[in-house]
Amino acid sequence: MNTRARLTDAFLYAALAVFAVVTLVPFAYLLFSAFKSQESFFSFALWPTDGAWWQVDWGGFTVKHFRTLFVDAGVARATANSFFLASVTAVLATLCSAMCGYALAKYRFAGRGVLLWLVLGSLAVPAALLIAPGYQVAYWLGLLDSYAGLILPAMAPAFGVYLFRQAFISSMPDEMIEAARVDGCGEVRLFFTIALPMVRPMVGAFLLITYLATWNNFISPQIILQSQEMLPLSVFVAQLRGPYGTEYGLIMAGTLVAVAPVLVLFLLLQRDFIAGLTAGAVKG
Amino acid sequence: MSRRFRQHPAWVPYFWAGPFLLVFAVFLAYPMLLSVKMAFHQNAGPRVAEYVGTQNFSWMMGDPLFWTAVRNTAVFAAASVFIQLPASLGLALLLNRPQLRARGFWRAIFFAPVLVGLPFVAILAGLVFEKNTGLLNVALHEFTSLEVTLPRKIGGQTLGVPFTFDIEFPWLQSYVMPTLIISAFWMYVGFNMVYFLAALQNVDKSQLEAAEIDGANAWHRFVNVTLPAIRPVASFVVLLSLIGSFQLFELPYLLLQETAGPNNQGLTLVMYLYQQGFDRGDLGYASAVGWVLAIVLFGFAIAQQVYGRLRGADL
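Residue positions are given per chain, counting from 1 as you read along its sequence in written order. Key to labels: chains lettered from A, ligands numbered from 1, both in the order written. Reporting in this predicted model follows two pLDDT cut-offs: at least 70 for local features of residues, and 80 or more for side-chain atom pairs to be given and counted; totals over whole chains, interfaces and linings ignore these cut-offs and use all residues. Note that the side-chain values use all heavy atoms of the structure and ignore hydrogens as well as water.

## Side note on the domain arrangement of chain A
Residues and elements named next belong to chain A.
Next, step 1: Segmenting chain A into domains produces domain 1 (3-62) and domain 2 (78-280).
Next, step 2: In this complex, domain 1 contributes nine residues to the contact, which on the side of domain 2 involves nine residues.
Next, step 3: Taken together, both faces of the contact between domain 1 and domain 2 bury some 760 Å²; the carbon and sulfur share is 82%.
Next, step 4: When two components associate, each loses some accessible surface as probed by a 1.4 Å sphere; the sum of these losses over both components is called the buried area. On the domain 1 side of the contact with domain 2, Leu-30, Ala-34 and Gln-38 bury the most area, a combined 52% of that side's loss.
Next, step 5: Salt bridge, as used here: a side-chain nitrogen of Lys or Arg that lies within 4 Å of a carboxyl oxygen of Asp or Glu. Run the count over domain 1 and domain 2 and you get zero salt bridges.
Next, step 6: Nitrogen and oxygen atoms within 3.5 Å of one another constitute a polar contact, given that in protein one can donate a hydrogen and the other can accept it, and given that sequence-neighbouring residues count only through two side-chain atoms. Counting across the domain 1 and domain 2 interface gives zero residue pairs in polar contact (both at pLDDT 80 or more). An automatic or database domain assignment is the source of the domain bounds shown. In what follows, a contact means two residues having at least one pair of non-hydrogen atoms within 4.5 Å.

## Focus: the domain arrangement of chain B
All names here are of chain B.
Next, step 1: The domain architecture assigned to chain B consists of domain 1 (33-129 + 171-311) and domain 2 (132-168).
Next, step 2: Each of domain 1 and domain 2 has a C-alpha centre, and these two points are 39 Å apart.
Next, step 3: Across the domain 1 to domain 2 interface the summed buried area is about 350 Å²; carbon plus sulfur atoms make up 66%.
Next, step 4: Our count for the contact surface shared by domain 1 and domain 2 stands at zero salt bridges.

## What about the packing of aromatic side chains?
Residues and elements named next belong to chain B.
Next, step 1: Pairs were defined over the aromatic rings of Phe, Tyr and Trp, the Trp ring being its six-membered one, requiring ring centres within 6.5 Å. Orientation was assigned from the angle between planes: stacked under 30 degrees, edge-to-face over 60, tilted for the rest. By the definition in use, this model includes 45 aromatic pairs over all chains.
Next, step 2: Pairing Phe-249 with Tyr-253 gives two aromatic rings, centres 4.7 Å apart and planes at 25°, and the pair type is stacked. Considered together, Phe-249 and Tyr-253 belong to a single accessibility category, that of buried residues. Note on classification: 1.4 Å probe, protein chains only; a residue is buried when its accessible area is under 20% of the maximum for its type, exposed when over 50%, partly exposed between these limits.

## Looking at the pattern of salt bridges
Where charged atoms of side chains with opposite charge meet at close range, the side chains can pair.
Residue and element names in this part refer to chain A.
Next, step 1: A full pass over the atoms with the stated rule returns three salt bridges over all chains.
Next, step 2: The residue Lys-106 makes a salt bridge to Asp-174 at a minimum N-O spacing of 2.9 Å. One end of the pair, Lys-106, is in helix H4 (residues 75-106); the other, Asp-174, is in helix H9 (residues 174-182), and 68 residues separate them in sequence.
Next, step 3: Given a relative accessible area of 13%, Lys-106 falls into the buried group.
Next, step 4: For Glu-187, the salt bridge is made with Arg-181, and the minimal N-O distance between the two is 2.7 Å. The two residues Glu-187 and Arg-181 agree in class, both being buried. What counts as a helix is a DSSP run of H or I of at least four residues, what counts as a strand is a run of E of at least two, and both are numbered from the N terminus.

## Things to note about the interface of chain B and chain A
Next, step 1: Each side of the interface is counted separately: chain B has 92 residues, and chain A has 97 residues.
Next, step 2: The tally of links between chain B and chain A comes to zero salt bridges.
Next, step 3: Scanning the region where chain B abuts chain A turns up 11 residue pairs in polar contact (both at pLDDT 80 or more).
Next, step 4: At 20 residues, the largest contribution of residues to the side of chain B that touches chain A is made by helix H1 (residues 12-38) of chain B.
Next, step 5: Basically, the charged four are Asp, Glu, Lys and Arg, the nonpolar ten are Ala, Val, Leu, Ile, Met, Phe, Trp, Tyr, Cys and Pro, and anything else, Gly included, counts as polar. Residues of the side of chain B that touches chain A, tallied by class, amount to 68 nonpolar, 14 polar and 10 charged.

## Examining the packing of helix H6 (residues 131-140) of chain A against helix H14 (residues 283-311) of chain B
Next, step 1: Axes here refer to lines fitted to C-alpha atoms; in helices the fit is confined to the stretch in contact. Angles between the N-to-C directions go from 0 to 180 degrees. Contact pair H6 of chain A / H14 of chain B: the axes reach a minimum separation of 7 Å and the direction vectors enclose 140°. Classified by the interaxial angle, the pair formed by H6 of chain A and H14 of chain B is oblique. Every residue of H14 of chain B that contacts H6 of chain A at Ala-132, Pro-133, Tyr-135 and Gln-136 of chain A is listed here: Leu-283, Ala-286 and Ser-287 of chain B.
Next, step 2: Residue composition of the contact of H6 of chain A with H14 of chain B, by class: five nonpolar, two polar and no charged. Oblique is the label for any angle not under 35 degrees, not over 145, and not in the 65 to 115 range, which are roughly parallel, roughly antiparallel and roughly perpendicular in turn.

## Notes on helix H14 (residues 248-268) of chain A
A turn of α-helix holds 3.6 residues, and therefore any two residues three or four places apart point the same way.
Next, step 1: In this scheme, a helix's expected span is set at 1.5 Å multiplied by one less than its residue total. For H14 of chain A, which comprises 21 residues, the first-to-last C-alpha distance of 30 Å matches the rise-based estimate of 30 Å (1.5 Å per residue) to within 8%.
Next, step 2: Judged by how many residues are buried, H14 of chain A sits mostly within the fold: 15 of 21 residues are covered.

## Concerning the packing of helix H10 (residues 187-198) of chain A against H1 of chain B
Next, step 1: Viewed as axis vectors pointing N to C, H10 of chain A and H1 of chain B meet at an angle of 55°, and their least axial separation amounts to 10 Å. In terms of orientation, H10 of chain A and H1 of chain B fall into the oblique class. In contact with Glu-187, Val-188, Phe-191 and Phe-192 of chain A of H10 of chain A, H1 of chain B contributes Val-12, Phe-15 and Trp-16 of chain B.
Next, step 2: By residue class, the composition of the contact of H10 of chain A with H1 of chain B is six nonpolar, no polar and one charged.

This is the structure:
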């Protein structure tokens, strides 16, 4: 290896390392702050020490924020709410859009062109446009302060229909459907046992996209829900800053409770996450 | 072919499309049409609405707050496109180096922040950027605080005067927009990098080699070979980034404790919409703001399509 190549290599790894440190420091800050007492929070930016940085002061750590969160603040309920909302929304939205995408990809029927046009057209509708009229409709239908008011509107993502239509077209040959029909397979069984397994990667990706989008959704629950005990983590953790305004450690502990499940899942399913989220192109 | 072709009953496709269509009609198509009507009404909560013609729009055009929101949103969007996306591309180019080891490891690290989610990034940033105890100012203080003795002439004598040099920014008081830009940068730079990394796989390696043999330097190879190959993906990422940036809400709203910040430094278009619709209860006016935003975004989408056609790219 010549000197120039060595230098380029050194520069490459140095640049990546600097970037990686900048990326990871906020995670470290979150983790340490969640486990630090109020005194050590104010005295140390990251971990508490006795003098030099390598002399970690283990006494500066505490789990009392988590005790307060679970015993007094009711974070367990908020976590359960988030799990429930995200799971139900993900499953229903995936099912709904897979079914419709299947119809568009594999059937010829009157109105198909209009439906496809509607799906593609609504991809251009920004979510923000629906905030005010969506609230009005939820009010008329009596859906305010209910989970139905959050789950139902999220059940028909046009983007999912588009993705599933593409997936069925590209990975399921028409002959397969015909063969199944010849063998006497019913239409419903055909969809669930033959068609759906053929687009499994898309099912996984879309479940993930919807799950994360629901988990991290703030504005819908903020607008629709009122009852304290129904709030998901996004709104719940934001509201901790009212009663516990200056207890920074507690707020970080709440954030950690909300973020940790997603990060753990990411460590397990890294490749699927990156492929799924960018296939979905869902931002924020 | 002796195969007997069996047809499905006519209702089957409608059965599959039915649930989607029903929800789509009630929660997307209808609200969208309704918002056109609502944009010409003034509301006091969801119960009371009064027709006001185009007053919502004329009021908006004369409202300095609206223009503050437009300006802030545009600045944020410009930073996303001109600062964050080039950085994403740069990072992707680094990760695309053939000699790089553990590519998956680096990619995972840079991708991780997007998983934290906007509301939690905002809450975390609220502490990181805090003036006295926040991580960023503490770090700046560590690295920049210097006690120097400056020589100064006082009454004919030269005396040493102690002077403390210290960089500390009141981020959430006076530098709200940089705070938002840095936070969003941290969150999305690795996410957008993945798109560019995928696009870089379309670059023809033999063309790069040929250009190198012909004596083209790295910059010329990038501009003439790499950039044209990734242009379709790049213009798509720019559009996504603009759509996301123009709907910025959670980040400033939660970072600034559910306010627009000092002097409305963090007021964005969607926050303006939210304040009008839910703090003031005028859902009609909020719908009008929504339509102005939607029209701007349609404009971007059309511009991107036209640009793609002109370039002959298939998007």
